[in-house]
Amino acid sequence: MTLALYRIDDRLIHGQVVVGWGQPLDVSFIVLVDDEVSSSDWEQDLYRMGVPPQIEVIFASVEKAAELLPAWDTDSRVGILLVGDIDTAVALAARVPQVKRFNVGGVHHRTGRKERLRFVYLTDDEATKLRQLAARGVDVTAQDVPTARAVPVAEFT
Amino acid sequence: MSELRGVIVSHAAVAQALVAAVTAITGIEGALTGISNEGCGTEELGERLREAVGVGPAVLFVDLPGGSCFTSSARYAKRGGADIAVVTGVNLAMLLDFVFNRDISPVDAARRALDAGAKAIRVTPA
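In short, a report on the structure. Remember, it's a predicted structure, so these values are computed and weren't measured experimentally.

### Examining the pairing of strand β5 (residues 101-106) of chain A
All names here are of chain A.
Here comes step 1: In terms of burial, β5 is largely enclosed, as 5 of its 6 residues are buried.
Here comes step 2: Of the strand pairs in this sheet, β5 and strand β8 (residues 139-142) are connected by 4 bridges, and their pairing is parallel. Residue pairing for β8: Val104 is matched across the bridge by Ala142.

### Some remarks on the pattern of salt bridges
Here comes step 1: Counting across every chain of the model gives 22 salt bridges over all chains.
Here comes step 2: Across the salt bridge formed by B:Arg75 and A:Glu43, the nearest N and O atoms sit 2.7 Å from each other. Taken together, the positions of B:Arg75 in helix α3 (residues 68-79) and A:Glu43 in helix α2 (residues 41-48) put the pair across two chains. Residues B:Arg75 and A:Glu43 agree in their burial class; the two are buried.
Here comes step 3: Each member of the salt-bridge network shares a partner with another, and the members are A:Arg7, A:Asp9 and A:Arg11.

### A word on the interface of chain B and chain A
Here comes step 1: In this complex, chain B contributes 16 residues to the contact, which on the side of chain A involves 14 residues.
Here comes step 2: For the chain B and chain A pair, buried surface summed over both sides reaches about 1,300 Å², with 52% attributable to carbon and sulfur atoms.
Here comes step 3: The largest per-residue losses of area from chain B upon contact with chain A belong to B:Glu43, B:Thr71 and B:Arg75, which jointly make up 26% of the total buried on that side.
Here comes step 4: Applying the counting rule to chain B against chain A returns 3 salt bridges.
Here comes step 5: Linking chain B with chain A are 6 residue pairs in polar contact (both at pLDDT 80 or more).
Here comes step 6: Looking at the side of chain B that touches chain A, the elements that each hand over two or more residues are α2 (42-53) and α3 of chain B.
Here comes step 7: Among the elements that make up the side of chain B that touches chain A, the one with the highest residue count is α3(B) (7 residues).
Here comes step 8: In the side of chain B that touches chain A, the residues fall into 4 nonpolar, 7 polar and 5 charged.

### Let's talk about unusual backbone geometry
Here comes step 1: In the segment running from B:Gly56 into B:Pro57, the intervening peptide bond is cis, with an omega of 0°.
Here comes step 2: Mapped onto the elements of the fold, B:Pro57 is located in the loop between α2 and β3 (58-62).
Here comes step 3: Between B:Thr124 and B:Pro125 the backbone carries a cis peptide bond, its omega angle lying at 0°.
Here comes step 4: Inspection of the secondary structure assignment puts B:Pro125 in the segment after α5 (106-119).
Here comes step 5: Not every positive phi belongs to a glycine, and A:Leu12 is a case in point at roughly 55°.
Here comes step 6: Even without being a glycine, A:Asp26 presents a positive backbone phi close to 55°.
Here comes step 7: Along the chain, the position of A:Asp26 falls in the loop between α1 (15-25) and β2 (29-33).

### A closer look at the packing of aromatic side chains
Residue and element names in this part refer to chain A.
Here comes step 1: Scanning the model with the defined rule gives 2 aromatic pairs over all chains in all.
Here comes step 2: Geometrically, the ring pair formed by Tyr6 and Phe102 is edge-to-face, given 5.9 Å between the ring centres and 75° between the ring planes. A residue pair is termed long-range when its members are at least 10 positions apart, and Tyr6 in strand β1 (residues 3-9) and Phe102 in strand β5 qualify at 96 residues. An identical accessibility class is assigned to Tyr6 and Phe102; each is buried.

### Considering the side chain of A:Asn103
All names here are of chain A.
Here comes step 1: Structurally, Asn103 is set in strand β5.
Here comes step 2: Under the relative-accessibility criterion, Asn103 is labelled buried at 5%.
Here comes step 3: Within the structure, Asn103 has its side chain in polar contact with the backbone oxygen of Gln143 (distance 2.8 Å).
Here comes step 4: Among all residues touching Asn103, those that are not within four sequence positions of it are Leu5, Tyr6, Arg7, Ile8, Trp21, Thr141, Ala142 and Gln143.

### Here we look at the packing of helix α1 (residues 14-26) of chain B against helix α4 (residues 92-99) of chain B
Residue and element names in this part refer to chain B.
Here comes step 1: Across the interface, α1 lies against α4 with an axial gap of 10 Å and an inter-helix angle of 55°. Between α1 and α4, the crossing angle belongs to the class labelled oblique. For the crossing formed where α1 meets α4, the hand is right-handed. Contacts from Leu18, Ala21, Val22, Ile25 and Thr26 of α1 reach α4 at Leu92, Leu95, Leu96 and Val99.
Here comes step 2: Residues belonging to the contact of α1 with α4 are distributed by class as follows: 8 nonpolar, 1 polar and no charged.

### Section: the nonpolar core
Here comes step 1: Counting 37 residues, the largest nonpolar core has A:Trp72, A:Leu81 and A:Phe156 as the members making the most contacts within it.
Here comes step 2: At 5 residues, the largest contribution of residues to this core is made by helix α3 (residues 62-73) of chain A.
Here comes step 3: Those residues in contact with A:Phe156 that sit more than four places away from it in its chain are A:Val104, A:Arg116, A:Leu117, A:Val120, A:Leu122, A:Leu130, A:Val140, A:Thr141, A:Ala142 and A:Val151.
Here comes step 4: Of all hydrophobic cores here, the second largest spans 20 residues; its members include B:Leu4, B:Val19, B:Phe98 and B:Val99.

Cut-offs and rules
All residue numbers here refer to positions counted from 1 along the written sequence of the relevant chain. Labels follow written order: the first chain is A, the first ligand is 1, and so on. Whole-chain, interface and lining totals are the exception, using all residues; otherwise, since this is a predicted model, local features are given only for residues with pLDDT of at least 70 and side-chain atom pairs are given and counted only at 80 or more. As a rule here, side-chain values come from all non-hydrogen atoms in the structure, and water together with hydrogens is ignored. Each residue is placed in one exposure class: buried if its accessible area under a 1.4 Å probe, protein chains only, is under 20% of its type's maximum, exposed if it is over 50%, and partly exposed if it falls in between. The way it works is that DSSP assigns letters per residue, a run of H or I at least four long becomes a helix, a run of E at least two long becomes a strand, and they are numbered from the N terminus. In short, DSSP must find at least two bridges between two strands for them to pair. Any Lys or Arg side-chain nitrogen located within 4 Å of an Asp or Glu carboxyl oxygen qualifies as a salt bridge. A contact between two residues is defined here by any heavy atoms of the two lying within 4.5 Å. For any pair of parts, buried area is found by adding up, for both, the accessible area (1.4 Å probe) each one loses once the two are put together. For the purposes of these results, a polar contact is taken to be a pair of N or O atoms within 3.5 Å, where, inside protein, one atom must be able to donate a hydrogen and its partner to accept one; residues adjacent in sequence count only when each atom of the pair is a side-chain atom. Residue polarity is assigned by list, with Asp, Glu, Lys and Arg as charged and Ala, Val, Leu, Ile, Met, Phe, Trp, Tyr, Cys and Pro as nonpolar; anything else, Gly included, falls into the polar class. Stacked, edge-to-face and tilted are the three classes for Phe, Tyr and Trp ring pairs, Trp counted by its six-membered ring, which pair at centre distances within 6.5 Å; planes under 30 degrees apart are stacked, over 60 edge-to-face, the rest tilted. To define axes, lines are fitted to C-alpha atoms, for helices over the stretch in contact only, and angles between the resulting N-to-C directions are given on a 0 to 180 degree scale. What sets the label is the angle itself: under 35 degrees gives roughly parallel, over 145 gives roughly antiparallel, 65 to 115 gives roughly perpendicular, and the rest give oblique. If you view the pair so one helix is near and one far, a crossing is left-handed when the near helix is turned anticlockwise from the far one by less than a right angle, and right-handed when it is turned clockwise. To form a nonpolar core, buried Ala, Val, Leu, Ile, Met, Phe, Trp, Tyr and Cys residues must be joined to one another through side-chain atoms within 4.5 Å.

Here it is as structure tokens:
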């Protein structure tokens, strides 16, 4: 199998990821790519608590993820890769050409961001970065849960 | 010791519904505040927690032992500066017990909530 979902979600590991996507995809591992979390045992314990024991959770910095992503993508199990923000997604895609899709699953309100979809708020700069990512051949869509429509990047940026 | 505040942190409108239920049953108002993670990233949920907790002390009653409500609550309890304890698996029984027993420390109240909440989970027929 492969990494079935590359997701941008500022909540990182939470119910929509573990249950909403994890169950229908029959996920066996979740890769959380975040420089801060990857260096904090305490934060890692918090995120592990939300995941059933049969699902492996892997924490990685962007640098480590770039090195290990080819192996995760050819893992015999199904996995999900998570990043918490657009800059991390852009950095990862720039380092690993085989990243060909990103699901924008949750980027929430913050000062300077405008509502694009119910679950996607972006600054103009973030919207530009997503369009640039798409222009480099990455399929960028917004979709919070599997039963929702995947909204193409042009419709929300 | 100042009286504890309880803050319920949940998905959707579960928290607000629990606050309404406790008030309907006990007549006690103001002991509990409900906040939802609806439409929130980590940063905004942290802000909602800060507003709800105030200067504390407080117990955060969280719906699930994992996920965004829990991670934000645990992070806030660790870094928020107030005297806070977190208990997960919130149910009505633990909240009813809590509102009548708020002259104890947050950790003691959270342990008491664990006991009261667990005792309320039963199966019929046994």
